[in-house]
Amino acid sequence: MEIISLPHPTLRYKSKPVKRINAELRAIVQEMFELMYEANGIGLAANQVDLPLRLFVVNTTAKKGDGEELVFINPVLTRGKGRETAEEGCLSLAGIYGPVARYKSIHVDAYGIDGKPFSADLSGMMARVVQHETDHLDGVMFTDRMNQYELAEIEAELEEFEIEFRSKRADGSIPDDVAVFARLADFESQFC
Ligand code: ZN
């Protein structure tokens, strides 16, 4: 398992709801936390590790052993209130930052890794992270929420990710779209 970067097609894939929480899924979630900590991230969605599943992990301290490890499975966001713009980054566009407007507070309904439903009213950093990660599950990147002037500022960096992707496709380390989507379908048949 590794973190994939834009423009990998799985980052544009609308994830499918998880119907089966088993030992294999728990192992996947644990590995996602490890990768997130290695990359000093505070959130990681399944799309970002090339999986088509509607789940993400969060630890706002970004440190293993610190803070709380939260798993959101099949999250549904409602009751967004207020707007606030702040800088965001993403482990799938490492080193790139830009301003993104989000709801200040949000309500989330989801399932934990224990399979039990939970709900919460979130604000501050948690509200932002949960909105950013839920976007991933719908194939939306934070850069999609930036305007053309803001995007122009990071155009060169985005182009570097395109070049890197094309070179990985050329050397076969990223398979073609047909193989990528066949693999996603296989995961869906196991968990969705
Ligand atoms: Zn992200």
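These numbers were taken from a predicted model, which means no experiment stands behind them.

Definitions and cut-offs
- Residues numbered from 1 in each chain as written.
- Predicted model: local features only at pLDDT ≥ 70, side-chain atom pairs only at ≥ 80, totals over all residues.
- Heavy atoms only, no water.
- Helix = DSSP H or I, 4+ residues; strand = E, 2+ residues; numbered from the N terminus.
- Expected span 1.5 Å × (residues − 1).
- Buried < 20%, exposed > 50% of the residue type's maximum accessible area, 1.4 Å probe, protein only.
- Contact = heavy atoms within 4.5 Å.
- Polar contact = N/O pair within 3.5 Å; in protein donor to acceptor, adjacent residues only side chain to side chain.
- Arc of directions from axis to C-beta.
- Pairing = 2+ DSSP bridges.
- Axes fitted to C-alpha atoms, helices over the stretch in contact; angles between N-to-C directions.
- Salt bridge = Lys/Arg side-chain N within 4 Å of Asp/Glu carboxyl O.

Draft legend 1. A look at helix H1 (residues 23-38). Across its 16 residues, H1 extends 23 Å between first and last C-alpha, which sits within 8% of the 22 Å expected from 1.5 Å per residue. When H1 is considered as a whole, its buried residues turn out to be Leu25, Ile28, Val29, Met32, Phe33, Leu35, Met36 and Tyr37. Buried residues along H1 sit against strand E1 (43-45), strand E2 (55-58), strand E3 (70-88) and helix H5 (177-191). Put simply, asparagine 22 is the residue that caps the front of H1, since its side-chain oxygen is 3.2 Å from the backbone nitrogen of glutamate 24. Of the residues trailing H1, asparagine 40 is marked for its positive phi of about 55 degrees.

Draft legend 2. H5, seen in detail. Given a rise of 1.5 Å per residue, 15 residues ought to cover 21 Å, and the 21 Å separating the end C-alpha atoms of H5 matches this to within 8%. Here H5 has its buried residues at Val180, Leu184, Phe187, Glu188 and Phe191. In an axial view of H5, the angular spread of the buried residues amounts to 105 degrees, which keeps them on one side of the axis. In H5, the exposed positions angled more than 90 degrees off the buried face are occupied by Val178 and Ser189. Buried residues along H5 sit in contact with H1 and helix H4 (155-170).

Draft legend 3. Just the sheet that holds strand E5 (residues 117-123), in detail. Taking strand neighbours across the sheet as the criterion, the 5 strands line up as E1-E2-E3-E4-E5 in an open arrangement whose pairing is antiparallel. A single partner strand is all that each edge strand has here, and the edge strands are E1 and E5. Recorded for the sheet is a direction-independent mean angle of 35 degrees between the axes of neighbouring strands. Two strands pair when backbone bridges link them, and strand E4 (residues 98-111) and E5 are joined in this way by 7 bridges, in the antiparallel orientation. Opposite isoleucine 106, over in E5, you have leucine 122 as the bridge partner. This element, helix H2 (residues 124-137), spans E1, E2, E3, E4 and E5 of the sheet and lies at about 115 degrees to E3.

Draft legend 4. Looking closely at the pattern of salt bridges. All told, the structure shown has 13 salt bridges when counted by the stated rule. Here glutamate 164 and lysine 168 are joined by a salt bridge, their closest N and O atoms 3.9 Å apart. Taken as a pair, glutamate 164 and lysine 168 lie in helix H4 at a separation of 4 residues, close to a single helical turn. With a relative accessible area of 33%, lysine 168 lands in the partly exposed category.

Draft legend 5. A look at the environment of phenylalanine 191. Its location among the elements puts phenylalanine 191 in helix H5. What makes phenylalanine 191 buried here is its relative accessible area of 0%. Along the backbone, phenylalanine 191 and lysine 19 are 172 residues apart, and their C-alpha atoms lie at a distance of 5.9 Å. In contact with phenylalanine 191, not counting residues within four places along its chain, are Pro17, Val18, Lys19, Arg20, Asn22, Glu24, Leu25, Ile28 and Leu53.

Limitation: the analysis is restricted to geometry and does not speak to function.
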